[in-house]
Amino acid sequence: MKIFERDRHKVIWGDAIKVLSSEIEDESIDLVFADPPYNIGKDFNGRRDKWESKESYLNWCYKWLALCISKLKPGGSLYVMTATQNMPYFDIYLRKRMTILSRIVWFYDSSGVQARKYYGSLYEPILFCVKDKNNYTFNADDIMVEARTGAVRKLIDYRKPVPKVYNSKKVPGNVWNIPRVRYRMEEYEEHPTQKPVALLNRIVTASSHPGDMVLDPFSGTFTTSDVAKKLDRMSIGIEIEEEYVKIGLRRLEICSEYEGQPLEKKGRTFESARDEQQAMLNFSEV
Ligand SMILES: C[S@@+](CC[C@H](N)C(=O)[O-])C[C@H]1O[C@@H](n2cnc3c(N)ncnc32)[C@H](O)[C@@H]1O
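Residues numbered from 1 in each chain as written. Predicted model: local features only at pLDDT ≥ 70, side-chain atom pairs only at ≥ 80, totals over all residues.

**Some words on the site of the ligand**
Phase 1: For the ligand, the set of nearby residues contains 20 residues, the closest of which are Ala 16, Lys 195, Phe 218, Gly 220 and Thr 221.
Phase 2: Residues of the shell around the ligand, tallied by class, amount to 8 nonpolar, 6 polar and 6 charged. (Near = placed C-beta within 6 Å. Nonpolar A, V, L, I, M, F, W, Y, C, P; charged D, E, K, R; others polar.)

See the structure below:
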């Protein structure tokens, strides 16, 4: 295990269960966002996301879920993701220990290979749970979205003593249409299941205050910590794969070098083509 820290942001290279057990104080965290391996066979830099059985995967998940709950402050919140087929088990486990306030569907369109013999998967579920349903953070005013009525003109509410335009802002519903991170997007990092900044922006903004402590036990590309930093929260990110820890160190500007090598974002193919084009232009201008 190795801990890197700068300006109230910690990147911890290690196993989530070990780190949660030994490094994180009980009742010290305001918000946990947990996006674990889904047991669907992804390749996390050589570490295969596949357990020998569904039961062994779930038993592993129940261990870190219990730890996350004990690390949350009494007014804390947990957002957790997993594959659609595992989520019912998470739901049953969590509803006995916390209050599940929202069952969110993160919906996206996909241009990838489409299913032909069943309905293609276009969403991932997220549970939003709180320890105490009478005492938790929810900054509704900071996450308002446009209320779409389908009407071209603004609708007037004639039931009011003085007719007035319907409120055009609302708290988002539980279906979130946010594009996945694509290769050409600025935020793209080399990781198979990077979550979008927009998704974490909504979660961190709604469920924490500036100065609060945000924890992500499966940080991947450290999207959660990156968003927490931009929103002036504190963060702890745990990740087991060294290559991804390096992304976190760079993204959070904790250091600029790692073992004597500069921490730089790898150029994408279209960027090198663009650089070449620019070099040619510069050359022809000389
Ligand atoms: C679904 S990804 C998280 C992606 C992340 N939310 C992001 O935005 O990039 C799960 C991550 O958990 C890491 N991981 C797998 N087993 C772990 C463990 N036992 N402890 C800590 N991290 C682990 C994987 O390397 C992978 O990066």
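Moving on, there is more to tell.
**Observations regarding the environment of Asp 157**
Phase 1: With respect to the secondary-structure elements, Asp 157 resides in strand 10 (residues 156-157).
Phase 2: For the pair Asp 157 and Asn 167, spaced 10 residues apart in sequence, the C-alpha to C-alpha distance is 9.2 Å.
Phase 3: Leave out the neighbours within four places in its chain, and Asp 157 touches Pro 163, Lys 164 and Tyr 166. (Helix = DSSP H or I, 4+ residues; strand = E, 2+ residues; numbered from the N terminus. Contact = placed C-beta atoms within 7 Å.)

**Details of the nonpolar core**
Phase 1: Counting residues in hydrophobic clusters, the biggest one holds 51 residues, and the most contacted among them are Val 32, Cys 68, Leu 78 and Tyr 79.
Phase 2: Beyond its immediate stretch of four places on either side in the chain, Leu 78 contacts Val 32, Ala 34, Cys 68, Ile 69, Leu 72, Met 98 and Cys 129. (Core = buried A, V, L, I, M, F, W, Y, C linked by C-beta atoms within 7 Å. Buried ≥ 20, exposed ≤ 12 C-beta atoms within 10 Å, placed from the backbone.)

**Focus on the sheet that holds strand 7 (residues 99-107)**
Phase 1: The strand order across the open sheet formed by 9 strands is 1-2-15-14-3-6-8-7-13, and the pairing between neighbours is mixed. Of all the strands in the sheet, just strand 1 (2-6) and strand 13 (175-177) have a single pairing partner and so form its edges. Within the sheet, the average angular offset between the axes of one strand and its neighbour, ignoring direction, is 15 degrees.
Phase 2: As paired strands, strand 14 (residues 213-216) and strand 15 (residues 234-239) are joined by 4 bridges and run parallel to one another. Along strand 15, the bridge assignment pairs Val 214 with Ser 235.
Phase 3: Its contacts with the sheet place helix 4 (residues 197-207) against strand 3 (29-34), strand 6 (72-81), strand 7, strand 13 and strand 14, and it is angled at close to 155 degrees to strand 3.
Phase 4: Running over the sheet, helix 5 (residues 223-230) touches strand 2 (9-13), strand 3, strand 14 and strand 15 and is turned about 170 degrees from strand 15. (Pairing = 2+ DSSP bridges. Axes fitted to C-alpha atoms, helices over the stretch in contact; angles between N-to-C directions.)

**Remarks on the packing of helix 2 (residues 54-71) against helix 3 (residues 87-95)**
Phase 1: Taken N-terminus to C-terminus, the directions of helix 2 and helix 3 make an angle of 35 degrees; their axes are 11 Å apart at the nearest point. When you trace helix 2 past helix 3, the crossing you get is right-handed. Between helix 2 and helix 3, the residues in contact are Leu 58, Cys 61, Tyr 62 and Leu 65 and Tyr 89, Phe 90, Tyr 93 and Leu 94, respectively.
Phase 2: Considered class by class, the residues forming the contact of helix 2 with helix 3 number 8 nonpolar, no polar and no charged. (Left-handed = near helix turned anticlockwise from the far one by under 90°.)

**Details of the pairing of strand 6**
Phase 1: For strand 6, the tally of buried residues reaches 7 of 10 residues, placing the bulk of the element in the interior.
Phase 2: The pairing of strand 3 with strand 6 spans 5 bridges and is parallel. By the bridge assignment for strand 6, Val 32 is matched with Leu 78.
Phase 3: Here 5 bridges tie strand 6 to strand 8 (residues 123-130), and the two strands are oriented antiparallel to one another.

**Describing the packing of helix 1 (residues 16-23) against helix 2**
Phase 1: At their nearest, the axes of helix 1 and helix 2 sit 10 Å apart, and the two run at 30 degrees to each other. The orientation of helix 1 with respect to helix 2, classified from their angle, is roughly parallel. In this structure, the crossing between helix 1 and helix 2 has a hand that is left-handed. When helix 1 is examined against helix 2, the residues Ala 16, Ile 17, Leu 20 and Ser 21 are found in contact with a partner set consisting of Lys 63, Trp 64, Leu 67, Cys 68 and Lys 71.
Phase 2: Tallied by class, residues from the contact of helix 1 with helix 2 come to 6 nonpolar, 1 polar and 2 charged. (Parallel < 35°, antiparallel > 145°, perpendicular 65-115°, else oblique.)

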